[in-house]
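# Fold and contact review
Next come the chains, spelled out residue by residue.
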Amino acid sequence: MSSDETRPDSPFRHENTSRDEVPQFVLPLVVHIEKAEPPARTDALESAARAVLDILSDERSLGDGEWAQAMRDWQDARIRKVVRRARGAEWRKASELPGITVTGGTAEVRVFPPVPLDGWPKELAKLQVSGTDLDDPEKPAAPDRTAPVLWLSPDLDMSAGKAMAQAGHGAQLAWWELSEADRKAWREAGFPLRVRTAEPAHWRQLTVSGLPVVRDAGFTEIAPGLTLAVEGGSRFCPLPRKRLP
């Protein structure tokens, strides 16, 4: 799938599709935010993207693994991701549940196997979705183009939690595009990637390039529309531009 525009049953389209006719699941992500030392926004976004890749590639998510059925059910329906925040005892309790914690720079993000839309574990259900407004203490450096860059739309104002979900969507689209050999190389390297906000002119180019793009369904914060485009790296996660009809 080069973009959601070329796939009529895309999990990221906002129109009704066959994916709406099956039970709906959500992939929970929890970001560790202490009042005194919140993570940098870009660190949180990049950690969320890597967390999604980690659970997609984890042996427990594959074949007959303990998470495999939940992962299949989730990917057969809408690809929903919800980011909540935790601190102190809340974070410690969440960390005891089955999942994967990813640390990047100042950020810690834990991803959990998919759960039914209305079937969250009580330790996660009580966590807040709001309050994920994070900042970068310094402007992020220009990305290393050997690894993929997840480019956020410059036209949107999203909370860090919402942007983390979009970064996770973009990483998942990139993963689906890759061959097994490219997936293996990317994983063995630790899933290097960057998340940045595109300049307006660059964003316009990205959205017509045939690269994977995320079209948010518009359930929260923003109206339905394009939120993120994935540009492949020269060494890891190669994603050549494709000719669109």
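Reading the values: the criteria
Residues numbered from 1 in each chain as written. Predicted model: local features only at pLDDT ≥ 70, side-chain atom pairs only at ≥ 80, totals over all residues. Heavy atoms only, no water. Salt bridge = Lys/Arg side-chain N within 4 Å of Asp/Glu carboxyl O. Buried < 20%, exposed > 50% of the residue type's maximum accessible area, 1.4 Å probe, protein only. Helix = DSSP H or I, 4+ residues; strand = E, 2+ residues; numbered from the N terminus. Core = buried A, V, L, I, M, F, W, Y, C linked by side-chain atoms within 4.5 Å. Contact = heavy atoms within 4.5 Å. 1 Å grid on protein atoms, 1.4 Å probe; cavity = no way out; pocket = protein on both sides within 12 Å on 5 of 7 lines; lining within 4 Å. Points joined across faces, edges and corners; volume = space filled by probe spheres on them. Nonpolar A, V, L, I, M, F, W, Y, C, P; charged D, E, K, R; others polar.

Looking now at the pattern of salt bridges. It is possible for side chains of opposite charge to pair when their charged atoms get near one another. Taken as a whole and judged by the stated rule, the model has 8 salt bridges. Close ionic contact of R60 with D58 constitutes a salt bridge, the shortest N to O distance being 2.9 Å. Residue R60 is classed as partly exposed on the basis of its relative accessible area of 28%. Residues R183 and E180 are paired through a salt bridge, measuring 3.3 Å at the closest nitrogen-oxygen approach. Of this pair, R183 and E180 are both found in helix α6 (residues 180–188), 3 residues apart, which corresponds to roughly one turn of the helix. According to the relative accessible area criterion, E180 is exposed, its value standing at 58%. Residues participating in the shared-partner salt-bridge network are R145, E231 and R241.

Here the focus is the nonpolar core. Membership of the largest hydrophobic core comes to 57 residues, with the highest contact counts inside it found for L29, M164 and W186. If sequence neighbours within four positions are ignored, M164 has contacts with V31, A44, L45, A48, V83 and V109. Ranked by size, the runner-up nonpolar core spans 11 residues in total, among them W91, F112, V115 and L124.

On to the layout of surface pockets, then. By volume, the second largest pocket amounts to about 450 Å³. Lining the second largest pocket we find 22 residues, and of these P140, L152, R196, T197 and A198 sit closest to its centre. Of the residues contributing to the lining of the second largest pocket, the split by class is 12 nonpolar, 4 polar and 6 charged.

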